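Analysis of the macromolecular model
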Amino acid sequence: MNISIWLTRTRRDGGNFVKKIICNNPTFCSYYQSPNSSTSLVHSHLSSSIMRSKDCGFVGKGNFRFLYSSSSFNSSYVVSVGGRRYKATKAGEQLLFEDDNGNNTFEESKGEEFPGGKIFFTSEMNFLPGSSEKRVQCYRVLDENGYHVSSTTMEHVSKEVGLKVYSGMVSLQTMDKYFYEAQRQGRLSFYLTSFGEEAVSLASAAALTSHDLILSQYREPGILLWRGFTVQEFADQCFGNNAGHGKGRQMPVHYGSKNLNFMTISSPLATQLPQAVGVAYSLKMEKKDACVVAYFGDGTTSEGDFHAAMNFAAVMDAPVVFICRNNGWAISTPVTDQFRSDGIVVKGPAYGIQSIRVDGNDALAIYSAVRKARKMAIDEQRPILIEAMTYRVGHHSTSDDSTKYRSIDEIEYWKTMHSPITRLRKWIERKGWWGEKDESELHSDLNNQVKTAIEKAEKALKPQLKYLFRDVYEDLPTNLIEQEKLLRETVERHPQDFPIDVPL
Ligand SMILES: Cc1ncc(C[n+]2csc(CCOP(=O)(O)OP(=O)(O)O)c2C)c(N)n1
Ligand SMILES: [Mg+2]
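Everything numeric here is computed off the predicted structure, so don't read it as measured data. (Residues numbered from 1 in each chain as written. Chains lettered and ligands numbered in written order. Predicted model: local features only at pLDDT ≥ 70, side-chain atom pairs only at ≥ 80, totals over all residues.)

Summing up its helical and strand segments, the chain has 14 helices and 17 strands in all. Looking at the chain residue by residue over its 504 residues, the buried ones come to 37%. Long-range pairs, those at least 24 residues apart, make up 67% of the contacts in the chain with a sequence separation of at least 6. (Helix = DSSP H or I, 4+ residues; strand = E, 2+ residues; numbered from the N terminus. Buried ≥ 20, exposed ≤ 12 C-beta atoms within 10 Å, placed from the backbone. Contact = placed C-beta atoms within 7 Å.)

Below you can see the structure in the form of C-alpha cells.
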C-alpha cells in the first residue's frame, strides 16, 4: 500500500504551524485531492486532518518531514515533502502518544523548539549506536573482471576518456617504478609511490574540469598527469634541479602547478583541508562555476584539521568535494587502530555533509561518483564527502619497509586480485578499444619517456644558492640578508662540505 503526501507550504498562524498538504489517497486524508485537480482546492489545515488522524503523524518543523504510523497498514511508503523524499520508519510510531482512553494520539506539543530546530520527546531511553552493525555499502560499477555490476548507475564514459584514464594509470605506475628504483640507487633523496591507488587520482581528475582547484595530499600525482604535467616536470621536481618549479626547496613528490590549478603539496597532514574550504568559499563568493577538490588519506582524518574543515565546509555551504583515499594504512598504523567508526564515510552526515563510499579500485565508479559530487557541490553549493576504498600496495615511502608490519600475502592479494589497472584494462579490451599491441606500444613509449626524463633531470643544473632565500618576501628582510652572507662565508671556508653541483 503506497500513499504520498506533498507539503506545499507552511506558515506561522497565530502560534500554530499550518501545513498545507495534498494527499493522493482519500482513505488516509480527509482533504484528498486527485493529482490532476487544481491545487488551490486541495490545501488543508493539517492540524484538522492528518495530524489528528490516527493514521499519520507529523514530525519536524516547517517543511521538514512527515512520518506515518498506522496499526492498520504494515507496508512502508515514501512521503515527499518540499522536494525531499523520506521513507517511513518505525520511528514514526514513537511520535504517537496515548490519550486518556489509552488510544494512540499524536501531540505536536510534545516537541520543543530548541535552538537549531524542533525536537520531539520520547519516553524510551535510547542511546544511538556507536557504529551500525551493517557497514555502509560501497558503490561500484565494474567487478574484478571488468564486467558491469548489474543495473549499476553510472555516467557515460567516452572512448577518449576511458583510454586516457587507462594510459594515465599506466604512466603513473611506470613513473613510480623508475623513480622508486632511482631512489634505491641513491640518485633521489626520497620518493613515494601510488601503487594500487592509481584509479582514485586519475579517474577523479577525469571527472573534473581544469577550473576546479585541487588541494591534495602526496599520493595523488595522477591528477597532475591527467592535467598535463609532464614526466620531465615530475623528474625535475624530484631531483630538485633548476628547472623544477620548487627550485629544490621542497622534498621530492611535493609538486604544485599554478597553471594547472594544483596547490603545492605540504608535508604536515591535513593542513590542505581547512585551506580547501577557504578556497571553495572564495569560489562561492565569486560565483564561479567550479569547485575545490581536497584529497587526503584515512590516517589524516585523525588530525583536528580534518574535523575543522568538515564543519567549516558544512556551515559555510562551501562547494568542496572531499575525497578520502582509505588505503587501510597510515604508515604502519592500520585503520583498526585509527578509528572505531565505520571508516570515514559515516563522519560526513555527522557534520551534515552528504557522503558516499566508493570502490576506489574501480575507475568507472570513481569517475561517476566524482562527476555527480562535483555537480552537486556546484549546483547546490554544498560540500560532499567521498570515501574511496582502496589499498596501499607499495611501502608508505622510501623511508619505510611495510613487510615489518603486514604480511607479504596481504600485499600480494591486493596487488593481484584488486588491481585497478587490470580491471579497467579488461573493460576497455572488452569494448574493443584496446589490445595487446596498444599495450606493448604504451609500455615501451613510457619506459623511454621516464628513463630519458630521469637522466635529463639528473644532469640538469641545481638551483643557485640564492634561491634558498628568495621568493617568499618581495624585499629580502635583514635577517635573511645576514643568513645568506653567513652561508656564503661558510661555503668559502669549508668548500669540501658543500655539494659541488650547486652554483654559488
Ligand atoms: C601532522 C603530521 N603528523 C604526522 C606526519 C607523519 N606522517 C606522514 S604520512 C603519515 C601517514 C598518513 O596516512 P594517510 O593519511 O592514511 O595517507 P597514506 O600515506 O596512507 O596515503 C604520517 C603519520 C605528518 N606528515 N604530519
Ligand atoms: Mg592511508
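Anyway, onward from the coordinates.
In contact at an axis separation of 8 Å, helix 3 (residues 198-206) and helix 10 (residues 363-379) are set at 40 degrees when each is read in the N-to-C sense. When the axes of helix 3 and helix 10 are compared, the pair comes out oblique. In this structure, the crossing between helix 3 and helix 10 has a hand that is right-handed. Touching Ala199, Val200, Leu202, Ala203, Ser204 and Ala206 of helix 3 are Ala363, Ile366, Tyr367 and Val370, all from helix 10. (Axes fitted to C-alpha atoms, helices over the stretch in contact; angles between N-to-C directions. Parallel < 35°, antiparallel > 145°, perpendicular 65-115°, else oblique. Left-handed = near helix turned anticlockwise from the far one by under 90°.)

An order of 11-12-13-17-16 is seen for the five strands of this open sheet, with the pairing classed as parallel. Here the strands that pair on one side only, and so sit at the sheet edges, are strand 11 (213-215) and strand 16 (354-359). The average angle at which neighbouring strand axes cross in this sheet is 20 degrees, direction not considered. Pairing geometry for strand 13 (residues 320-326) and strand 17 (residues 384-389), over six bridges, is parallel. Following the sheet pairing, Cys324 is matched in strand 17 by Glu387. Against the sheet, helix 10 engages strand 13, strand 16 and strand 17, with an angle of about 170 degrees to strand 17. (Pairing = 2+ DSSP bridges.)

Moving on, we come to the site of ligand 1. Taken together, 17 residues lie near ligand 1, and Leu269, Gly297, Gly299, Thr300 and Ala330 sit nearest. Of all the elements in the fold, those that place two or more residues in the shell around ligand 1 are strand 12 (292-297) and strand 14 (329-330). Of the residues contributing to the shell around ligand 1, the split by class is six nonpolar, six polar and five charged. (Near = placed C-beta within 6 Å. Nonpolar A, V, L, I, M, F, W, Y, C, P; charged D, E, K, R; others polar.)

In terms of burial, strand 17 is largely enclosed, as six of its six residues are buried. Residues Ile384, Ile386 and Ala388 point to one face of strand 17 and Leu385, Glu387 and Met389 to the other, with burial holding for every one of them. With helix 10 bridging strand 16 and its parallel neighbour strand 17, the resulting β-α-β unit is right-handed. (Right-handed = clockwise from strand over helix to strand, strands pointing away.)

Turning next to the packing of helix 2 (residues 159-184) against helix 3. Packed helix pairs are characterised by how far apart their axes lie and by the angle those axes make with each other. Orientation of helix 2 relative to helix 3, taken along the N-to-C sense of each, is 145 degrees, at an axis distance of 9 Å. The chirality of how helix 2 crosses helix 3 is right-handed. The residues of helix 3 that touch helix 2, namely those facing Val161, Lys164, Val165, Gly168, Met169, Leu172 and Gln173, are Glu198, Ala199, Leu202, Ala203 and Ala206. Residues of the contact of helix 2 with helix 3, tallied by class, amount to eight nonpolar, two polar and two charged.

Right, let's talk about the pairing of strand 10 (residues 117-120) for a bit. Two elements, strand 9 (residues 111-114) and strand 10, share four bridges in a ladder whose sense is antiparallel. Following the sheet pairing, Glu112 is matched in strand 10 by Ile119. Linkage of strand 9 to strand 10, two consecutive antiparallel strands, is achieved through a turn of two residues, within which Gly116 is found at a positive phi near 105 degrees.

Attention now moves to the confidence of the model for the chain. Model confidence for the chain is summarised by a mean pLDDT of 84, while 78% of its residues fall at 70 or above. Of the regions scoring below 50 in pLDDT, residues 1-99 engages in 151 contacts with residues more than four places distant in sequence or in other chains. (pLDDT = per-residue confidence, 0-100.)

The subject of this paragraph is the environment of Tyr367. With respect to the element layout, Tyr367 can be found in helix 10. When the C-alpha atoms of Tyr367 and Val200 are compared, they prove to be 8.6 Å apart, with 167 residues separating the residues in sequence. Apart from residues lying up to four places away in sequence, Tyr367 is in contact with Glu155, Val157, Ala203, Ala206 and Ala207.

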